[in-house]
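Each chain, letter by letter, is given below.
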Amino acid sequence: MGKLLKWDFYKAKKMKSTWLLLAALIILSAISVMMTYSNLKDIEELKLSENIEAMQKDVVGKTYEEMDVLDWTLALSGGNFLLMFTIIFAVFLATTDFTTGFIKNMYGYIGNKSSFIISKIILTAIFSLLTFVLTYLVAFIADWVLLETSSIVAWSGFLRYTLAKWMLILGYGSLVIAIAVITRKNALTLIISLGYFLFLQEPFYKGINTLVEKVTSNPFDITQYSLVGNIEIIRHTITTKEMITCMIVSIVAIALSIGVGHWSLKNQDI
């Protein structure tokens, strides 16, 4: 396990995609913050009416004039923005051993096949956490430079949100790793992983909701029990119950990924 971790860590550092993803993250985060502050400035200068201001409310439920650095960090990390970077990283990390043929040289030295998956999940967890740190850092610097108000009052909600979101993204990233181990092709894995949450998840959720409602005759929403659904809807006002649900969903996804990846390595030809 230790040797696999060292190899994956070395591989992640050497992959150009790792640094390109982090650079793109910083640039896009900075652009997003600057555009948001530009809107704030325009709103202040134009002194918009209450009706128009209501249309300018952010996802956190505040006008731009009311938002603080906490709201900026949550706005940047909200939705699927950070998930996309983690997906791409996980795909290249997991498929490199197969595309380079290195797996054939190391396969015999892997005692527990699950360790091959776990090692990559750990590296994906580190990368995903780094995306949060960089995104928050950009928001703090921009807020301090432009408004000089970089302070967070609701630390508990901020930390609960970050932990829950990070675990959910890691859960999805681990599923991506399992898919990569099965397909062993980065392009196919990217199409499946990105295509699902960009195009297929909404009709998939609707189909399951409709089926369950017909069977039970009660309203049902699978979003609260799904990885991507929770990634999109959680906010810094996340409750303890919602956080526990997010943790359980994430742990189940990680366990499933390890099991499926283990089966694939043992039963598919290398």
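Residues numbered from 1 in each chain as written. Predicted model: local features only at pLDDT ≥ 70, side-chain atom pairs only at ≥ 80, totals over all residues. Heavy atoms only, no water.

Some thoughts on the overall build of the protein chain
Helix and strand counts for the protein chain come out as 11 helices and zero strands. Ordered by position from the N terminus, the helices and strands of the protein chain form the series α-α-α-α-α-α-α-α-α-α-α. For the protein chain, with 270 residues in total, the buried portion stands at 46%. Pairs at least 24 residues apart make up 80% of the contacts formed inside the protein chain by residues separated by at least 6 positions. Accessible area for the protein chain stands at about 14200 Å²; split by element, carbon and sulfur atoms hold 67% of it. (Helix = DSSP H or I, 4+ residues; strand = E, 2+ residues; numbered from the N terminus. Buried < 20%, exposed > 50% of the residue type's maximum accessible area, 1.4 Å probe, protein only. Contact = heavy atoms within 4.5 Å. Areas by Shrake-Rupley, 256 points an atom, 1.4 Å probe, with all protein chains shown as cover.)

What to know about helix H9 (residues 186-216)
Leu200 marks the point of greatest bend in H9, at about 65 degrees, and the proline Pro203 comes within the next four residues. Within H9, burial applies to Thr189, Leu190, Ser193, Leu194, Gly195, Phe197, Gln201, Tyr205 and Asn209. Where H9 is buried, its residues touch helix H5 (81-99), helix H8 (155-183) and helix H10 (227-233). (Bend = angle between axes of the 7 residues up to and from the residue.)

Description of the packing of aromatic side chains
Across all of its chains, the model carries nine aromatic pairs by this definition. A centroid spacing of 5.0 Å and a plane angle of 45 degrees characterise the contact between Tyr136 and Phe158, whose relative ring orientation is tilted. One end of the pair, Tyr136, is in helix H7 (residues 114-146); the other, Phe158, is in helix H8, and 22 residues separate them in sequence. Taking relative accessible area as the criterion, Phe158 reaches 5% and is therefore assigned buried. Ring geometry for Tyr196 and Phe204: centres 6.2 Å apart, planes at 70 degrees, overall edge-to-face. With relative accessibility at 43%, the residue Phe204 sits in the partly exposed group. Put simply, the rings of Tyr172, Tyr196, Phe204 and Tyr205 touch in pairs and so form one group of aromatic residues. Stacked on the ring of Phe116, the Lys or Arg Lys120 has its end atom at 3.7 Å from the ring centre. (Phe/Tyr/Trp six-rings, centres within 6.5 Å; stacked < 30°, edge-to-face > 60°. Lys NZ or Arg CZ within 6 Å of the ring centre and 35° of its normal.)

Things to note about unusual backbone geometry
Even without being glycine, Arg184 reaches a positive phi, approximately 60 degrees. The exposure class of Arg184 is buried, given its relative accessible area of 15%. At Ser217, a residue that is not glycine, the phi angle is positive and equals roughly 60 degrees. Inspection of the secondary structure assignment puts Ser217 in the loop between H9 and H10. For Ser217, a relative accessible area of 62% translates into the label exposed.

As for the pattern of salt bridges
Inspection of every chain in the model, using the stated rule, returns four salt bridges. With a closest N to O distance of 3.1 Å, Lys120 and Asp8 form a salt bridge. Of the two residues, Lys120 sits in helix H7 while Asp8 sits in helix H1 (residues 2-14), which places them 112 residues apart along the sequence. Overall, the relative accessible area of 0% leaves Lys120 in the buried class. Owing to a relative accessible area of 0%, Asp8 belongs among the buried residues under this scheme. Between Asp97 and Lys11 there is a salt bridge; the shortest N-O distance is 3.0 Å. Of the two residues, Asp97 sits in helix H5 while Lys11 sits in helix H1, which places them 86 residues apart along the sequence. Given the relative accessible area of 4%, Lys11 is considered buried. (Salt bridge = Lys/Arg side-chain N within 4 Å of Asp/Glu carboxyl O.)

Digging into a nonpolar patch on the surface
A grouping of Ile27, Leu28, Ile31 and Met35 is seen on the molecular surface, where their side chains present a nonpolar patch of about 390 Å² in accessible area. Topologically, Leu28 is positioned in helix H2 (residues 16-46). (Patch = residues over 30% accessible without salt bridge, like charges linked within 9 Å, V, L, I, M, F, W, Y side chains within 5 Å.)

Function-wise, these values are silent; they only describe arrangement.
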